[in-house]
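Architecture at a glance
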Amino acid sequence: MSMEDAKSRRKGPLNTPSNLGSNATKDIAAALTALLADVFALYVKTKNFHWHISGPHFRDYHLLLDEQAAQILAMTDDVAERARKIGGTTIRSIGHIARLQHIEDNDADFVSPGDMLAELKEDNLVLAQCLWETHNVCDEHGDVATASLIENWIDEAERRIWFLFESTRRA
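Every value quoted in this text rests on a predicted model; they were computed, and no experiment measured them. (Residues numbered from 1 in each chain as written. Predicted model: local features only at pLDDT ≥ 70, side-chain atom pairs only at ≥ 80, totals over all residues. Heavy atoms only, no water.)

Details of the environment of Leu164
Checked against the element boundaries, Leu164 lands in helix 6 (residues 144-168). Judged by relative accessible area, which is 0%, Leu164 ranks as buried. Spatially, the C-alpha atoms of Leu164 and Gly114 are 9.6 Å apart, while their sequence positions differ by 50 residues. Setting aside its immediate chain neighbours within four residues, Leu164 contacts Leu64, Leu65, Gln68, Leu117, Leu120, Lys121 and Asn124. (Helix = DSSP H or I, 4+ residues; strand = E, 2+ residues; numbered from the N terminus. Buried < 20%, exposed > 50% of the residue type's maximum accessible area, 1.4 Å probe, protein only. Contact = heavy atoms within 4.5 Å.)

Below, the structure is given as C-alpha cells:
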C-alpha cells in the first residue's frame with residue numbers, strides 16, 4: 001500500500017451499515033461523544049478523590065470511590081462502541097475530552113472528604129442529566145438499542161448519587 005492509498009483511506013467515509021438515517025447517526029453519535037467526555041472526566045475525578053481521600057472514614061470512602069470509578073470506567077467502552085456501531089465516530093484524545101466535557105476538573109491540592117463526596121454527587125447529577133438528554137435524542141430517532149443501554153446507566157448514576165448523598169448526611 002502506498003502512502004497515498006493510506007492517506008486516502010484515512011479520509012474515506014466509515015460506511016458502517018445501520019438502519020438509522022444519516023441525521024440520526026450524526027445526532028446520536030455526537031450526543032454519545034459528548035456523554036463519553038463527561039464519563040471520562042467523572043472517572044478521572046472519582047479516581048483523583050479515591051487516591052486523595054483522608055480522614056476517619058478513609059477506608060469506607062476509599063472503597064466506595066474505587067467501586068464507583070470502576071463502574072464509570074466500565075461505561076466508556078460501551079458508549080464509544082455504540083457510537084461506532086451506528087456509524088459515527090467518538091473521542092480521539094484527551095484534548096477532545098477537554099473540549100466537550102461539562103463536568104469540571106478539580107486540581108486542588110486538598111479537598112475535604114465531605115466536599116469530595118458532595119462534589120461527586122453533583123457531578124453524577126450532571127452526568128445523569130446528560131444521560132437523560134442523550135436518551136431523548138435516541139427517542140427522537142427511534143434508536144431503541146442505545147436508549148436501552150442508557151436506561152441502565154441512568155440507574156447506575158442514580159445509585160451513585162444516592163450513596164454519595166447518604167454518605168454525607170448528618171446523623
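Things to note about the nonpolar core
Core analysis: the biggest nonpolar cluster contains 43 residues, and Ile28, Leu35, Leu65, Val79, Leu127 and Leu131 have the highest contact counts within it. Put simply, the parts of the chain that give this core at least two residues each are helix 2 (22-52), helix 3 (58-85), helix 5 (113-141) and helix 6. Among the elements that make up this core, the one with the highest residue count is helix 2 (twelve residues). Residues in contact with Leu127, not counting those within four places in the same chain, are Leu35, Asp38, Val39, Leu42, Ile103 and Arg160. (Core = buried A, V, L, I, M, F, W, Y, C linked by side-chain atoms within 4.5 Å.)

A few points about the packing of helix 3 against helix 5
At a closest axis distance of 12 Å, the pairing of helix 3 and helix 5 adopts a crossing angle of 20 degrees. With respect to each other, helix 3 and helix 5 are oriented roughly parallel. Taken as a pair, helix 3 and helix 5 cross one another with a handedness that is left-handed. Along the contact surface, helix 3 presents Tyr61, Leu65 and Met75, while helix 5 presents Pro113, Leu117, Leu120 and Leu131. For the contact of helix 3 with helix 5, a count of residues per class yields seven nonpolar, no polar and no charged. (Axes fitted to C-alpha atoms, helices over the stretch in contact; angles between N-to-C directions. Parallel < 35°, antiparallel > 145°, perpendicular 65-115°, else oblique. Left-handed = near helix turned anticlockwise from the far one by under 90°. Nonpolar A, V, L, I, M, F, W, Y, C, P; charged D, E, K, R; others polar.)

A closer look at the side chain of Asn124
Tracing the sequence through the fold places Asn124 in helix 5. Judged by relative accessible area, Asn124 falls into the buried class, the value being 0%. The contacts of Asn124, once residues within four sequence positions are left out, are Leu42, Ala157, Arg160, Ile161 and Leu164.

Thoughts on the pattern of salt bridges
By the definition in use, this model includes seven salt bridges. Salt-bridge contacts for Arg82 lead to Asp143; the nearest nitrogen and oxygen are separated by 3.1 Å. Placement of the pair is Arg82 in helix 3 and Asp143 in the loop between helix 5 and helix 6, with a sequence separation of 61 residues. We classify Asp143 as buried; its relative accessible area is 4%. In this structure, the salt-bridge partner of Glu122 is Lys121, at a minimum N-O distance of 3.1 Å. Taking the relative accessible area as the measure of exposure, Glu122 reaches 40% and is therefore partly exposed. With a relative accessible area of 18%, Lys121 lands in the buried category. Among the charged side chains, a network of salt bridges with common partners joins Lys45, Glu119 and Asp123. (Salt bridge = Lys/Arg side-chain N within 4 Å of Asp/Glu carboxyl O.)

So, the packing of aromatic side chains
One pass over the structure, following the stated rule, counts one aromatic pair. Between Trp162 and Phe163, the ring centres sit 5.2 Å apart and the planes meet at 85 degrees, which makes this aromatic pair edge-to-face. (Phe/Tyr/Trp six-rings, centres within 6.5 Å; stacked < 30°, edge-to-face > 60°.)

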